[in-house]
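Spelled out, the chains give:
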Amino acid sequence: MEKFYLFRKYLIVIIVLFFIIGQINLLASDKNNKKYKENEVRFKGLMHIWYAIGMDSSESGYSTGFNLRRTRLKSYGNLNKSMKWYMQFAYDKQKPSILDAAIDIKFFKNVYMKIGKQATPGSISGAVTSVSKLKFVERAMFVKNWSNNSGLSSYRTIGVQIYGTLFNKKLLYALMAGNPDANNLFTPSVSNSDYSGNEAIQLFARIEYNLFRQLKIGSFFIDGNESLINSEKTSIGFHCLYNSSKIYAKGEYIQGNNTNDNVKTVYSGAQVVFGYKIKKIEPIIRYDYYISDPDASDIKKYSNFTIGMNFIYSKNFKVLLNYVYRSEKINEVKDFLNNDIFYINFQTQF
């Protein structure tokens, strides 16, 4: 009886999988497939090289050095007029990995599906924004911690995403079901007598509306749990973005919780960004903060104020200079730790 209820519980998943397989077979049998020159494999890539000075408590008062922060190569192509694929290989911080590996299928005019390892539809400051388009050397602290608290790997996980646009492409939507922990995979096999994994998947939802060409507002929501280890991860976020040929302005807020073995961590954070482009020079500033669970750390609030200058020599090469003034609030008293950062990011893409 227990097995029957388990089968009924996941019957809808089986039906969806058969639907996906049927659609793939239908699209893959496109009679005009041979006419598409895009079947050839294409490549693009980037490199980010950092030089940084980090203030510390040593005798000299600082540490310095170089970092090969990102080296990435993306291969991609079309299988036919309705199916695409892409893979992205990374050598970030001198560690190899496969960031992306997915198939992208077009079902209808405004309905698409991606299957595989991919960027999750979450924070606009996560992998939704390519690293080649970042305005600062690093993403804001609260965005990086949101990714970790959500069980993501470089803002990605493995799953199925349905996305598209509505209302004359003014409304962007994305829904995804993926693993609650991107680094722990469920791999049943006929060589095993029984299996262990997650009893739930993580759900992602994101919408964004173009009020007019340069102004966008949006929100996302994430909910997931792993019942076997009594873990739960939820978060919600909002953003507003204005991006014109000269002015860049963004506001974003995220709050969430991460419960693991009945230990609950509550967090929140926000940022405000403003930049103004003058030909090939873009001065830009950002204030961001991150508040963690009062019981999880002695530091109650992190505040960062970043002053930046971007030199855009061409579409394939730019240099980002950032100075980050950091302050921490400990036990209701500001503690002026010596941990400010100055760094330069040399970026090239091809």
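Our subject is the structure listed above.
Residues numbered from 1 in each chain as written. Predicted model: local features only at pLDDT ≥ 70, side-chain atom pairs only at ≥ 80, totals over all residues. Heavy atoms only, no water.

### Focus: the overall build of the protein
Consideration 1: Looking only at helices and strands, one finds three helices and 17 strands in the protein.
Consideration 2: Long-range contacts, defined here as pairs at least 24 residues apart, represent 51% of the contacts in the protein between residues at least 6 apart.
Consideration 3: Split by element, the accessible area of the protein, about 20400 Å² in all, is 61% carbon and sulfur. (Helix = DSSP H or I, 4+ residues; strand = E, 2+ residues; numbered from the N terminus. Contact = heavy atoms within 4.5 Å. Areas by Shrake-Rupley, 256 points an atom, 1.4 Å probe, with all protein chains shown as cover.)

### Observations regarding empty space enclosed by the protein
Consideration 1: Taken as a whole and judged by the stated rule, the model has two cavities of 30 Å³ or more.
Consideration 2: Lining the largest cavity we find 14 residues, and of these L134, K135, F136, K250 and R286 sit closest to its centre.
Consideration 3: Looking at the lining of the largest cavity, the elements that each hand over two or more residues are β11 (247-260) and β12 (263-276).
Consideration 4: Taken together, the residues of the lining of the largest cavity break down into five nonpolar, three polar and six charged.
Consideration 5: Taken together, G122, S123, I124, R206, S219, F220, F238, H239 and E252 make up the lining of the second largest cavity.
Consideration 6: Listed by contribution, the elements that provide at least two residues to the lining of the second largest cavity are β9 (215-226) and β10 (231-243).
Consideration 7: Residues that form the lining of the second largest cavity fall into these classes: three nonpolar, four polar and two charged. (1 Å grid on protein atoms, 1.4 Å probe; cavity = no way out; pocket = protein on both sides within 12 Å on 5 of 7 lines; lining within 4 Å. Points joined across faces, edges and corners; volume = space filled by probe spheres on them. Nonpolar A, V, L, I, M, F, W, Y, C, P; charged D, E, K, R; others polar.)

### Let's talk about the pattern of salt bridges
Consideration 1: The final tally for this structure, using the stated rule, is seven salt bridges.
Consideration 2: Two residues, D92 and R72, come together in a salt bridge whose shortest N-O distance is 2.7 Å. Taken together, the positions of D92 in strand β3 (residues 83-92) and R72 in strand β2 (residues 62-80) put the pair 20 residues apart, joining distant regions of the chain. In terms of burial, D92 and R72 fall into one category: buried.
Consideration 3: For the salt bridge of K135 with E282, the shortest nitrogen-to-oxygen distance reads 3.1 Å. (Salt bridge = Lys/Arg side-chain N within 4 Å of Asp/Glu carboxyl O. Buried < 20%, exposed > 50% of the residue type's maximum accessible area, 1.4 Å probe, protein only.)

### With respect to the pairing of strand β13 (residues 281-291)
Consideration 1: Direction of pairing for β12 relative to β13: antiparallel, over a ladder of eight bridges. Across the sheet, residue V272 finds its bridge partner in β13, namely Y287.
Consideration 2: Counted between consecutive antiparallel strands, the loop separating β12 from β13 contains four residues, among which K279 sits at a positive phi close to 55 degrees.
Consideration 3: Two strands pair when backbone bridges link them, and β13 and strand β14 (residues 299-314) are joined in this way by 11 bridges, in the antiparallel orientation. What sits directly across from D288, in β14, is N304. (Pairing = 2+ DSSP bridges.)

### Brief notes about the environment of T265
Consideration 1: Within the secondary structure layout, T265 lies in strand β12.
Consideration 2: For the pair T265 and K233, spaced 32 residues apart in the sequence, the C-alpha separation amounts to 9.6 Å.

### Observations regarding the pairing of strand β4 (residues 95-108)
Consideration 1: Strand direction decides the pairing type here: β3 and β4, joined by 10 bridges, are antiparallel. Looking across to β4, one finds that M87 is bridged to A101.
Consideration 2: Linking β3 to β4, which pair antiparallel, is a turn of two residues; within it K93 sits at a positive phi near 55 degrees.
Consideration 3: Taken together, β4 and the strand that follows it, strand β5 (residues 111-119), pair antiparallel across an intervening segment of two residues.

### Side note on the nonpolar core
The tendency in soluble globular proteins is for nonpolar side chains to be buried side by side.
Consideration 1: Of all hydrophobic cores here, the largest spans 18 residues; its most connected members are F142, W146, I254 and Y290.
Consideration 2: Mapped by element, the contributors of at least two residues to this core are α3 (141-149), β9 and β14.
Consideration 3: Among the elements that make up this core, the one with the highest residue count is α3 (four residues).
Consideration 4: Those residues in contact with I254, other than ones at most four positions away along the chain, are S123, F142, W146, F220, I236, G237, Y267, S268 and G269. (Core = buried A, V, L, I, M, F, W, Y, C linked by side-chain atoms within 4.5 Å.)

### Here's the deal with a positive patch on the surface
Consideration 1: A cluster of basic residues, K81, K106, K109 and K169, forms a positive patch on the protein surface.
Consideration 2: Here K81 shows up in the loop between β2 and β3.
Consideration 3: Taking relative accessible area as the criterion, K81 reaches 51% and is therefore assigned exposed. (Patch = residues over 30% accessible without salt bridge, like charges linked within 9 Å, V, L, I, M, F, W, Y side chains within 5 Å. Lys, Arg positive; Asp, Glu negative; His and termini not counted. Charge placed at Lys NZ, Arg CZ, Asp CG, Glu CD.)

### Section: the environment of A270
Consideration 1: Counting through the fold element by element, A270 comes out in strand β12.
Consideration 2: Judged by its relative accessible area of 12%, A270 is buried.
Consideration 3: Once residues lying within four places of it in the same chain are set aside, the contact partners of A270 are F142, E252, Y253, Y287, D288 and Y289.

### Focus on a nonpolar patch on the surface
Consideration 1: A cluster of nonpolar side chains, namely M55, Y62, F274, Y276, I278, I285, Y287, F305, I307, Y323 and Y325, defines an oily patch on the protein surface of about 1000 Å² accessible area.
Consideration 2: Secondary structure elements with two or more residues in the nonpolar patch: β12, β13, β14 and β15 (317-330).
Consideration 3: As for its position among the elements, Y62 is in strand β2.

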